[in-house]
2 protein chains.
Amino acid sequence: MGLYVQKFGGTSVANVKRIRNVAARVARTFDQGNDVVVVLSAMAGVTDGLIELANSASAAPDRREMDVLLATGEQTTVALLAMMLRDMNYPATSLLGFQAEILTNDQACNARIISIGADRIRALLEKRHIVVVAGFQGCDQNGNITTLGRGGSDTSAVAIAAAIQADSCEIYTDVDGIYTTDPNICDRARKIKRISYDEMLELSSLGAKVLQIRSVEFAKKYNVPVHVRSSFSEEEGTMVVQEDMDMERLVVSGVTCNKNEARITLKRVPDQPGVAAKIFTPIADANIQVDMIIQNFRSGGETDVTFTVPRANFNQALEISKKTADAIGAAEVTTAEHIAKVSVVGVGMKNHSGVAARMFGALAAENINIRLISTSEIRISCVVEEKYAELAVRVLHSAFNLDQESA
Amino acid sequence: MGLYVQKFGGTSVANVKRIRNVAARVARTFDQGNDVVVVLSAMAGVTDGLIELANSASAAPDRREMDVLLATGEQTTVALLAMMLRDMNYPATSLLGFQAEILTNDQACNARIISIGADRIRALLEKRHIVVVAGFQGCDQNGNITTLGRGGSDTSAVAIAAAIQADSCEIYTDVDGIYTTDPNICDRARKIKRISYDEMLELSSLGAKVLQIRSVEFAKKYNVPVHVRSSFSEEEGTMVVQEDMDMERLVVSGVTCNKNEARITLKRVPDQPGVAAKIFTPIADANIQVDMIIQNFRSGGETDVTFTVPRANFNQALEISKKTADAIGAAEVTTAEHIAKVSVVGVGMKNHSGVAARMFGALAAENINIRLISTSEIRISCVVEEKYAELAVRVLHSAFNLDQESA
């Protein structure tokens, strides 16, 4: 007998037939004697449709009102699922964000959860109800409806699981788990059975399609076991859990690839205090997210500063950088748009030396030139030419023994 | 400087373009220095679409969950209107039923308003906001979403007008007011400028298309002046107000016609105490609304009992009546499906004798046979054969001088 939060995404509730499948699965879990809280997204496409509707009504839709509009999406699916369960003679009750007391800050369209007053959920569970909560939405302290931003239903589910101390938060989606790398790139990619929160965060480029990163941070903070699995099969998926000793036996858990960045280099920058701030402050002011930053020392009091930005912001960042280069007396600005960032991730690398060397060696053996390197405690990333990206992923997947079932 | 509630129905907010017209009209009222609370219905067709969706999901949709689903309709329109007004630089804020503290009983799908805690509306008005309230919805004391039944937005509007003591509650609709009779039947029908609550209630068969009857009862109870007018023109419509001395000068205000009933007669019923209860209790138990009831005395301790029911329930009522007739020893059950009830309505008839005589005379002059008669203080109704309905309406419209502009 357990207490489970089961979250179903937009594709899992895309139409009445699929919602019926969800009802059947929820009922099965309930029949096994478990308590169940279901968290639903809007039907696939509905949120985009509502945004389109808002844009047809207003040149710059007011964010508070946008949230009122968007909240109808999940409101529809929870009502439908609760009806179906009632029809099947299960005691089911839907709760909207405000009814489930999901208190957020007042940042419309991108609110953060402050607390969940789970009293009503708990009271319903005690009466052996199936509680069907609208994901993605909450309300601020003035009773305004808020939404949590893209993929916010994952965060709703994990936060509710934390509040009611669920045994696990199951995220049902259209893939059956987290893979060692993208199966579209490497056919030897394998499903990962257990992965730590930190690894999941670093594997964002794999996981973002599956699990909203903010929900992983939440799960880590409150130590909520998250089970990512398919809504179309009974198979076990991937457990995202606290790091344990066992995990460290595996040096690398996954290989990721990100082609959404571009490189900008300011060459021969006078090496003076405050120069980095002069380069990055105007970029930050333009709301451009800088990912990697690398500084190479040259002789003669000069340095090269290289960084990567999302490709969507590349032109804007380049323009800003050229102005900065003029202002601070840098010699020139060079760029590379067709790059890829390939990363290996694993909590095990903390206790294993030579991971970087093995990575560089494997890439060198295929004549793949490394343009930039950056590292975190559990990740090493190399920027390579875009055309080598897939090859690099496959080479690293093999080099770290991820091809083998027993790895 | 006034305080107005402006309610717009489904056809007035049927699409983005029409909502834009609503925004313009609201803005105009606001610009004149008035405070405005707007109450909206769902886009025309949306509520029916949601009911269809629920029926595709469930054989017998749970009523609590149906309300959660239906409430999305008005939620959508209030968000869109508030966005548009914000876009036009008006301070607008949408409120859902629970946010406007529209407290109802817990009768899902057909809830009654208990109270309106207008604090939040008043606070927003004090800040010179345009308050856009979702009609048709409220919440019960446990925080469950409820809806008020068909046409409930009218009741929302009148109730809010009563709570904030608005100068008038304007009901914008697709007709430009209440007419002396149905213009489709009688081309001499004229728009009524002022009409009393009681007359409006009796004119239900005219008014139901325009104004929900429950909202008129509410308006009467709290003495809210209601202005029924067109959302597609600037013309004044019909004011529904408390009866005044002036109104009594007019004997009859309107003529109505209702073809939605059928007649059932139990002949030669033993005239014993309790026999009426035996006839009507099983019909009430089947949730069938009986309209007219007439009992004719016969000689020999027998009586004929005649009543009318909605045609939709005719077959069911007939079946029940046949069983009752057997049980109580009535001689036979006769029926008439093709009947029409023609009524004249007016507060003036309280102080004028001879209204009934004038009505019967006018019908007799055209050889229209009267089958049943019933009266209230301000209404006389005659049941005639359906084929004479339109003729009867025109005859009575002339007989009571309603054809003339000055009447």
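Residues numbered from 1 in each chain as written. Chains lettered and ligands numbered in written order. Predicted model: local features only at pLDDT ≥ 70, side-chain atom pairs only at ≥ 80, totals over all residues.

## Points about the sheet that holds strand β10 (residues 194–196) of chain B
Residue and element names in this part refer to chain B. Here eight strands make up an open sheet; going across it, the order is β3-β6-β2-β1-β9-β11-β12-β10 and the pairing mixed. Pairing within the sheet leaves two strands with one partner each, and these edge strands are β3 (92–95) and β10. Across the sheet, the mean angle from the axis of one strand to that of its neighbour is 20°, orientation sign disregarded. Relative to strand β12 (residues 238–241), strand β11 (residues 226–230) is paired through three bridges, and the arrangement is antiparallel. Across the sheet, V226 pairs through a bridge with V240, a residue of β12. Against the sheet, helix α5 (residues 152–163) touches β1 (3–8), β2 (35–40), β6 (130–134), β9 (168–173) and β11, its axis set at about 175° to β1. (Pairing = 2+ DSSP bridges. Helix = DSSP H or I, 4+ residues; strand = E, 2+ residues; numbered from the N terminus. Axes fitted to C-alpha atoms, helices over the stretch in contact; angles between N-to-C directions. Contact = placed C-beta atoms within 7 Å.)

## Let's talk about the relation of the copies chain A and chain B
The two copies are related by a screw motion: chain A maps onto chain B through a turn of 180° and a shift of 0.1 Å along the axis, at an RMSD of 0.3 Å. Between the two chains, the operation in question is that of a two-fold axis. Identified as the residue of chain A closest to the rotation axis by C-alpha distance is T72 of chain A, at 2.5 Å. Same-surface contact between copies: 100% of interface residues of chain A are shared with the interface of chain B. (Least-squares fit on C-alpha atoms with pLDDT ≥ 70 in both.)

## Points about the pairing of strand β15 (residues 293–297) of chain A
Residue and element names in this part refer to chain A. Bridge count between β15 and strand β16 (residues 302–310): five bridges; the pairing is antiparallel. Paired with F297 across the two strands is T303, which belongs to β16. Between the antiparallel neighbours β15 and β16 lie four residues, among them G300 with a positive phi of about 80°.

## Some words on the environment of Y197 of chain A
Residues and elements named next belong to chain A. Among the secondary structure elements, Y197 is positioned in helix α6 (residues 197–202). On the neighbour-count criterion, Y197 (22 C-beta atoms within 10 Å) is buried. Sequence spacing of Y197 and K220 is 23 residues, and the spatial spacing of their C-alpha atoms is 5.7 Å. Excluding anything up to four places from it in sequence, Y197 contacts V216, A219, K220, V240 and Q242. (Buried ≥ 20, exposed ≤ 12 C-beta atoms within 10 Å, placed from the backbone.)

## Describing the interface of chain A and chain B
In this complex, chain A contributes 27 residues to the contact, which on the side of chain B involves 27 residues. Of all elements in the fold, only α1 (16–31), α2 (46–57) and α3 (63–87) of chain A reach the threshold of two or more residues within the side of chain A that touches chain B. Among the elements that take part in the side of chain A that touches chain B, α3 of chain A stands out by supplying 14 residues, more than any other. Among the residues making up the side of chain A that touches chain B, the classes are represented as 15 nonpolar, eight polar and four charged. (Nonpolar A, V, L, I, M, F, W, Y, C, P; charged D, E, K, R; others polar.)

## Description of the packing of helix α9 (residues 275–285) of chain B against helix α10 (residues 314–328) of chain B
Residue and element names in this part refer to chain B. Viewed as axis vectors pointing N to C, α9 and α10 meet at an angle of 150°, and their least axial separation amounts to 9 Å. In terms of axis orientation, α9 runs roughly antiparallel to α10. Between α9 and α10 the crossing geometry is right-handed. Residues V275, K278, I279, P282 and I283 of α9 lie in contact with α10, whose contacting residues are A317, I320, T324 and I328. Taken together, the residues of the contact of α9 with α10 sort by class into seven nonpolar, one polar and one charged. (Parallel < 35°, antiparallel > 145°, perpendicular 65-115°, else oblique. Left-handed = near helix turned anticlockwise from the far one by under 90°.)

## Examining the confidence of the model for chain A
Summarising the model, chain A shows a mean pLDDT of 92, and 98% of its residues fall at 70 or more. Interface confidence for the predicted complex, expressed as ipTM, amounts to 0.83; the pTM equals 0.84. (pLDDT = per-residue confidence, 0-100.)

## Regarding the nonpolar core
L81, V133 and I160 of chain A together with L81, V133 and I160 of chain B are the most contacted members of the largest nonpolar core, which totals 251 residues. With sequence-adjacent residues up to four places away left out, V133 of chain B is seen in contact with V37, V38, V39, V78, L95, A100, S156 and I160 of chain B. (Core = buried A, V, L, I, M, F, W, Y, C linked by C-beta atoms within 7 Å.)

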